[in-house]
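Each chain, letter by letter, is given below.
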Amino acid sequence: MYSPRITSKFRATIVVVALVGGLVACSDGEQSADTTEAATTTTARPKPATTTTTEQSTTTTAAPTTTAAESTTTVEPATTTTLPAVPIYPLTGVENPDPVIAARPALVVKIDNAPAARPQTGFNAADIVYEEIINDNFTRFAMVFQSQGSNPVGPIRSGRLQDVDLFTAYNRPLFAWSGGNGTVTNAINNSELINIGPNRAAVYFRSKDRKAPHNLYSNTDALWTYTPLYAAPATQQFSYRKGFTAAAGVPSAGAAIALDSIDVRWDWNAELGLYLRTMEKKPHMDGAGGQVSTNNVVILAMTYLPGISGSPDAQTIGSGEAFVLTGGNYIHATWSRADKNTPFTLTADDGSLVLLQPGRTFVELPRINNTLVLPAG
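Nothing here was measured: the structure is a model prediction, and the numbers come from that model.

### Some thoughts on the overall build of the protein chain
For step 1, the next point in the chain: What the protein chain contains, in helices and strands, is 4 helices and 20 strands.
For step 2, the next point in the chain: Per-residue burial over the protein chain gives 46% buried out of 377 residues.
For step 3, the next point in the chain: In the protein chain, 66% of the contacts between residues at least 6 apart in sequence involve partners at least 24 apart.
For step 4, the next point in the chain: Accessible surface, the protein chain as shown: approximately 19900 Å² in total, 52% of it carbon and sulfur.

Below, the structure is given as structure tokens:
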């Protein structure tokens, strides 16, 4: 049994179970052949007659013929029908999408998490949300929209160098942010992220109920109007379970995570079928109403290297430890990425691919040894 490493900040037991792989059986068709043997008839030769006058006696014997009709058996090959895959929204795995919406690009919006920025708006409308550590021991969010939107969304803040590696895999996503220093701005402009910050899209506004810089907002419908012709449909990031397939793993009540100075807890609510977020020991609320929630929590333990302006830089290419909460269960896994163009692959300890519940996903990026999985209550 595996026990994830934790800091002295947490004391609990982490439960892990190995997943069981499936077997696939196949059958070969057989063909039969009929064999026909020819019948054979033998006739004896008669003795010659003896007289005074000898005449040659001739006896003609017709050879009997037996004809056997050849029998043929025809075996038709078996026909296998493969049904076409059911279309899904690429960032949620939800089936039968609106084809126009499903084809639009991902929209990444950088969101403030300073105390003066709370509550933020848009969490429960985003398909995927990331939380990354930045300078001053705070965190910043990236809400990724595709299947639905939020009006308004914000407050919106600046980007970081780690955003290029993290979001390039979305296939030319729109990138909404308040801007950045010269180094970060050049990195964004020279990447495959499509910069639609305030200097390029006139769809941002300042809220009067907060002080700058924690009051910059926009709305996703307006941001999508700045989609260029060369933008591409979003690329699927995770694999999902089909139908009502039960989640793998072992029952778990959730997880507690330390992201430098920000303490986070996710608790499974079986009645709602959702994980609910607590931050700094208080329910984390969405400005649009309700507690921040999600169908899946994917925790990827990260190595952070020193970055520019004192902001740490998550190393999201390579591999590391992962903790997956889905459907009330916990799966211990490994995350891996070959390059920035490739989505994360989640592999369970038994070698199987981790499958998420179709729906929304929240991705946490804590430092190594700062995750505590909670046992089932």
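From this point, the narrative continues.
### Some remarks on the pattern of salt bridges
For step 1, the next point in the chain: By the definition in use, this model includes 7 salt bridges.
For step 2, the next point in the chain: Residue R277 is joined to E364 by a salt bridge in which the shortest nitrogen-to-oxygen separation is 2.8 Å. In this pair, R277 is assigned in strand 10 (residues 274-279) and E364 in strand 19 (residues 361-365), connecting sequence segments 87 residues apart.
For step 3, the next point in the chain: Given a relative accessible area of 0%, R277 falls into the buried group.
For step 4, the next point in the chain: Relative accessible area serves as the criterion here: at 0%, E364 is assigned to the buried category.
For step 5, the next point in the chain: Overlapping salt bridges, with partners in common, bring together K110, E132 and D163 in one network.

### Points about the side chain of R140
For step 1, the next point in the chain: Assignment of secondary structure puts R140 in strand 3 (residues 139-145).
For step 2, the next point in the chain: Separated by 2.9 Å, the side chains of R140 and S158 make a polar contact.
For step 3, the next point in the chain: Ignoring sequence-local partners within four residues, the contact set of R140 consists of K110, I111, D112, Y130, E131, E132, I134, R157, S158 and R160.

### Quick word on unusual backbone geometry
For step 1, the next point in the chain: Each neighbour pair has its own omega, and for N151 with P152 the value is 5°, a cis peptide bond.
For step 2, the next point in the chain: Take P152: it is sitting in the loop between strand 3 and helix 2 (162-167).
For step 3, the next point in the chain: Residue G154 is joined to P155 through a cis peptide bond whose omega torsion reads -5°.
For step 4, the next point in the chain: Counting through the fold element by element, P155 comes out in the loop between strand 3 and helix 2.
For step 5, the next point in the chain: Even without glycine at this site, N96 takes up a positive phi of about 55°.
For step 6, the next point in the chain: Overall, the relative accessible area of 60% leaves N96 in the exposed class.

### A closer look at the packing of aromatic side chains
For step 1, the next point in the chain: Considering all chains together, one arrives at 12 aromatic pairs under this definition.
For step 2, the next point in the chain: The interplanar angle of 90° and the centroid separation of 4.9 Å between the aromatic rings of F123 and F141 together place this pair among those described as edge-to-face. You can see F123 sitting in the loop between strand 1 (107-111) and strand 2 (128-133) and its partner F141 sitting in strand 3, a full 18 residues away along the chain. Pair check on accessibility: F123 and F141 agree, each one buried.
For step 3, the next point in the chain: A centroid spacing of 6.2 Å and a plane angle of 85° characterise the contact between F141 and F362, whose relative ring orientation is edge-to-face. A residue pair is termed long-range when its members are at least 10 positions apart, and F141 in strand 3 and F362 in strand 19 qualify at 221 residues. Here F141 matches F362 in class, with each residue buried.
For step 4, the next point in the chain: Aromatic rings pair up to connect F123, F141, W266 and F362 into one cluster.
For step 5, the next point in the chain: Note that R104 overlies the ring of W224, its terminal NZ or CZ placed 3.7 Å from the centroid.

### What to know about the nonpolar core
For step 1, the next point in the chain: Ranked by internal contacts, the top residues of the largest apolar core, which has 78 residues, are F167 and L300.
For step 2, the next point in the chain: Those residues within four positions of F167 in sequence are excluded, and the remaining contacts are V108, Y130, A142, V144, P173, F175 and L193.

### Observations regarding the pairing of strand 3
Side chains on a regular strand alternate between the two faces of the sheet.
For step 1, the next point in the chain: With 7 of 7 residues buried, strand 3 lies mostly within the body of the structure.
For step 2, the next point in the chain: Side chains T139, F141, M143 and F145 project from strand 3 onto one buried face, and the interleaved R140, A142 and V144 project onto a second face that is buried too.
For step 3, the next point in the chain: Both strand 1 and strand 3 contribute to a ladder of 5 bridges, which runs antiparallel. Looking at the pairing, I111 lines up with F141 of strand 3.
For step 4, the next point in the chain: Between the end of strand 2 and the start of strand 3, which pair antiparallel, lie 5 residues, with D136 showing a positive phi angle near 65°.

### A closer look at the confidence of the model for the protein chain
Should the pLDDT be low somewhere, the predicted coordinates at that spot are not to be read in detail.
For step 1, the next point in the chain: For the protein chain, mean pLDDT is 83; residues scoring 70 or higher make up 78% of the total.
For step 2, the next point in the chain: Low pLDDT (under 50) marks residues 1-73, which in the prediction has 74 contacts with non-local residues, meaning those over four places away or in another chain.

### What to know about the environment of T121
For step 1, the next point in the chain: Assignment of secondary structure puts T121 in the loop between strand 1 and strand 2.
For step 2, the next point in the chain: Put simply, T121 and S150 are 29 residues apart on the chain and 7.7 Å apart in space, counted from C-alpha to C-alpha.
For step 3, the next point in the chain: If we skip the residues at most four places from it in the chain, T121 touches M143, S150, P152, V153, G154, D286, G287 and A288.

### Some remarks on the environment of V373
For step 1, the next point in the chain: One can find V373 in strand 20 (residues 371-375).
For step 2, the next point in the chain: Judged by its relative accessible area of 1%, V373 falls in the buried class.

### A closer look at the pairing of strand 8 (residues 250-259)
For step 1, the next point in the chain: In terms of burial, strand 8 is a largely internal element, 8 of the 10 residues being buried.
For step 2, the next point in the chain: Relative to strand 9 (residues 262-269), strand 8 is paired through 6 bridges, and the arrangement is antiparallel. What sits directly across from A256, in strand 9, is R265.
For step 3, the next point in the chain: Remark: 2 residues form the turn of the hairpin made by strand 8 and strand 9, two consecutive strands paired antiparallel; D260 in that turn has positive phi of roughly 55°.

Parameters and conventions
- Residues numbered from 1 in each chain as written.
- Predicted model: local features only at pLDDT ≥ 70, side-chain atom pairs only at ≥ 80, totals over all residues.
- Heavy atoms only, no water.
- Helix = DSSP H or I, 4+ residues; strand = E, 2+ residues; numbered from the N terminus.
- Buried < 20%, exposed > 50% of the residue type's maximum accessible area, 1.4 Å probe, protein only.
- Contact = heavy atoms within 4.5 Å.
- Areas by Shrake-Rupley, 256 points an atom, 1.4 Å probe, with all protein chains shown as cover.
- Salt bridge = Lys/Arg side-chain N within 4 Å of Asp/Glu carboxyl O.
- Polar contact = N/O pair within 3.5 Å; in protein donor to acceptor, adjacent residues only side chain to side chain.
- Phe/Tyr/Trp six-rings, centres within 6.5 Å; stacked < 30°, edge-to-face > 60°.
- Lys NZ or Arg CZ within 6 Å of the ring centre and 35° of its normal.
- Core = buried A, V, L, I, M, F, W, Y, C linked by side-chain atoms within 4.5 Å.
- Pairing = 2+ DSSP bridges.
- pLDDT = per-residue confidence, 0-100.

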